[in-house]
Amino acid sequence: MATAHRVPGTSGTPGSTAGLSRRTVLRRGTGLALGAAATAALPGCGTGTSDGVGAGGRVTVELWHGQTDTGREAIEKLVTEFNRTHPDIRVDPGGGVLSDAMLQKITAALASGSFPDVAYVFGSDLASVARSPSVVDLTDTVRSGPLPWNDFWAPAREAVTLNGQVRAAPALLDSLAVVCNKKLFRDAGLPLPEPGWTWDEFVATARKLTDAARGTFGTGWPGVGDEDTVWRLWPMVWDLGGDVVSEDGQRIGFADTGVQALETLAALAKDKSVYIDPKPGSEQMYQVFLAGRMGMVATGPWQLPDIQQAKIDYHVVPLPSYSGRPMTISGPDTWTVFDNGPARVRAALTFVTWLSQPAQDVRWDIMAGSLPLSRSTEALPAWQKKAAGTEGLPVFTKALDTARVRPVHPAYPQISQALGQAIAAVLLGRSTPVKALRACADEANAALLIPR
């Protein structure tokens, strides 16, 4: 979505190419099945020898951080400080790949039995990765240690919990809101939207902002059917009372509400008020907005530096709703710990716990473009200063109060793929909402019935 911040190239930082990448790929939720990798990888089969303990008693932790540009600089600064203050542990941040290729890299590493101690794993991929017995269960760690578990925002906790067990530590947090171009609103004679607005008002506003002669669009939506296409629809489904998976786990939970949400997209498409991005990554959609040719775009805090750099006079407002209640989505990512023996596990947990504490989290958030993982981080003077100096940033943080996350479910990638095809078909006028959702349900329900 999601999403690494922020999403298009990797889990980079806002305003960088990396940020774009994460936004794109993080939301994709590909979730390759680990299959053989899960059975081939046994605890203690990692890269180290002698449990990773060196001659002087120091333990080396291999970190695959997945970052690039500003995100890489941020994590490397934090690692340097950790190594300085923890002389018995050395974190090596040199391995791995960019976050958008992490799932494939981890899958291969688990199959070969040579994997890192800590890796940056997209939240949408955690259920697939956690099928491996080499993924460490963090439940006892978060409940008894210094990790600020109960102070984390609910989306951060939910994104790392699978079947009641904590399978990773939160690494990054975001939320979706709508960013408006004030100039285009003024040119159209429209008031800026306020919290509590509706999807009907969104559609009507997009129609009035659209001007074919000037080449301006009311809004935009990814149109290739990837996870960036899909995750934007979930707040609409949840607001209507639906869910990703039904309570019994046997079928999708949006057979009816999904149709209603798709009807909103069909209305935008009918009005020709939505720019449909034809390429993966949604970068063209954002470029249209940054060029001053789009009135509204649903995005996350990672996009604000690019918007400011483009000198767009902007306004941030919560997502519209059908019910009048606030609803949004968050796409957290994770630090997943792997079992390379007791000493390396203990050292890895020490590092991940340290990284998640407010004093470190606030530096990571500011440098790498995330929202605070916890309310304690949010309360720190450094974050308060950052929020006060960044137009619209508090809107994204406040949205965490009501944000939900996609389920950590092994069938989610198949559900996402089926829904992505349905959304693209409706946006492009190739299907009606009813027919598109029916086809989605057939495919997604079949995936849910597969034993896992």
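In this numbering scheme, every chain counts its residues from 1 along its sequence in written order. Local features are withheld for residues below a pLDDT of 70 in this predicted model, meaning they are given only at 70 or higher, and side-chain atom pairs are given and counted only at 80 or more; totals for whole chains, interfaces and linings count all residues. Computation of side-chain values: all heavy atoms of the structure, hydrogens and water removed.

(A) Representation of the packing of helix α15 (residues 342-356) against helix α16 (residues 358-368) within the structure. The axes used here are C-alpha line fits, helices contributing only the stretch in contact, and every angle between their N-to-C directions lies in the interval 0 to 180 degrees. Secondary structure counts use DSSP, requiring at least four H or I residues in a row for a helix and at least two E residues in a row for a strand, with both numbered from the N terminus. Look at α15 against α16: their axes get within 5 Å of each other, and the N-to-C directions meet at 70°. Considering their axes alone, α15 and α16 lie roughly perpendicular with respect to each other. Contacts between α15 and α16 involve Trp354, Leu355 and Ser356 on the former and, on the latter, Pro358, Gln360 and Asp361. Nonpolar residues are Ala, Val, Leu, Ile, Met, Phe, Trp, Tyr, Cys and Pro. Charged residues are Asp, Glu, Lys and Arg, and all others, Gly as well, are polar. By residue class, the composition of the contact of α15 with α16 is three nonpolar, two polar and one charged. Angles below 35 degrees are treated as roughly parallel, those above 145 as roughly antiparallel, those between 65 and 115 as roughly perpendicular, and all remaining angles as oblique. Working rule for contacts: check all heavy atoms of both residues, and any pair within 4.5 Å makes them a contact.

(B) Inspection of the pairing of strand β3 (residues 118-122) at higher detail. For β3, the buried fraction is high: five of the five residues fall into the buried class. Burial classes: relative accessible area under 20% of the type maximum marks a residue as buried, over 50% as exposed, and values in between as partly exposed (1.4 Å probe, protein chains only). Alternating residues of β3 divide into Val118, Tyr120 and Phe122 and Ala119 and Val121, and every residue in both groups is buried. Looking at chain direction, strand β1 (residues 59-64) and β3 are connected through two bridges and run parallel. The residue bridging Trp64 from the neighbouring strand is Ala119, located in β3. Two strands form a pair only when DSSP identifies at least two bridges running between them.

(C) View of the packing of aromatic side chains. Two aromatic rings from Phe, Tyr or Trp, using only the six-membered ring of Trp, form a pair when their centres are within 6.5 Å; if the ring planes differ by under 30 degrees the pair is stacked, by over 60 it is edge-to-face, and anything between is tilted. This structure, assessed with the given rule, holds 15 aromatic pairs. Ring centres of Phe82 and Trp354 lie 5.3 Å apart, and the angle between their planes is 65°; on these two criteria the pair is classed as edge-to-face. Taken together, the residues Phe82 in helix α3 (residues 69-85) and Trp354 in helix α15 connect sequence positions 272 residues apart. The burial state of Phe82 is the same as that of Trp354; both residues are buried. A ring pair is formed by Trp199 and Phe202, whose centres lie 5.1 Å apart and whose planes are at 65°; its orientation type is edge-to-face. In this pair, Trp199 and Phe202 both sit in helix α9 (residues 199-209), three residues apart, roughly one turn of the helix. Judged by its relative accessible area of 6%, Phe202 falls in the buried class. An aromatic cluster of three or more residues is present, and its members are Tyr120, Phe122, Trp335 and Trp364.

(D) α16, seen in detail. Regarding α16, the residues found buried are Gln360, Asp361, Val362, Trp364, Asp365 and Ala368. The elements touched by buried residues of α16 are α3, β6 (169-172), β15 (333-337), α15, α17 (375-379) and α18 (381-388).

(E) Summary view of the sheet that holds β15. Here we have five strands laid out as an open sheet, ordered β2-β1-β3-β15-β6, and mixed in their pairing. Two strands in the sheet have a free side with no partner beyond their single neighbour: β2 (89-92) and β6. When strand polarity is set aside, the average angle formed by the axes of neighbouring strands in this sheet is 30°. Of the pairings in the sheet, the one linking β1 to β2 comprises four bridges and is parallel in character. Pairing of Thr60 across the sheet is with Arg90, part of β2. Relative to the sheet, α3 contacts β1, β2 and β15, its axis offset from that of β2 by approximately 165°.

(F) Structural detail: the sheet that holds strand β7 (residues 177-181). Sheet architecture is open: three strands sit in the order β12-β7-β13, paired in antiparallel fashion. The sheet is open, and its two edges are formed by β12 (296-299) and β13 (314-317), each paired on a single side. Averaged over neighbouring strand pairs, the angle between their axes works out to 25° when direction is ignored. Pairing analysis gives four bridges linking β7 to β13, with the strands arranged antiparallel. Within the sheet, the bridge partner assigned to Cys180 lies in β13 and is His315.

(G) Molecular detail of the environment of Pro394. Tracing the backbone through its elements, the reader meets Pro394 in helix α19 (residues 393-398). Residue Pro394 is classed as partly exposed on the basis of its relative accessible area of 43%.

(H) Region of interest: the pattern of salt bridges. We define a salt bridge as a contact between a side-chain nitrogen of Lys or Arg and a carboxyl oxygen of Asp or Glu at a distance within 4 Å. Counted according to the given criterion, the structure contains 15 salt bridges. Put simply, Arg72 and Glu76 hold a salt bridge, and the shortest N to O gap is 3.0 Å. With a gap of four residues between them, Arg72 and Glu76 both fall in helix α3, about one helical turn apart. Take Arg72: its relative accessible area is 37%, and that puts it in the partly exposed class. Here Glu227 makes a salt bridge to Arg406, at a shortest N to O gap of 2.6 Å. Residue Glu227 is found in helix α10 (residues 227-230), and its partner Arg406 is found in the loop between β16 (403-404) and α20 (412-427); the two are separated by 179 residues along the sequence. For the pair shown, Glu227 and Arg406 are each scored as buried.

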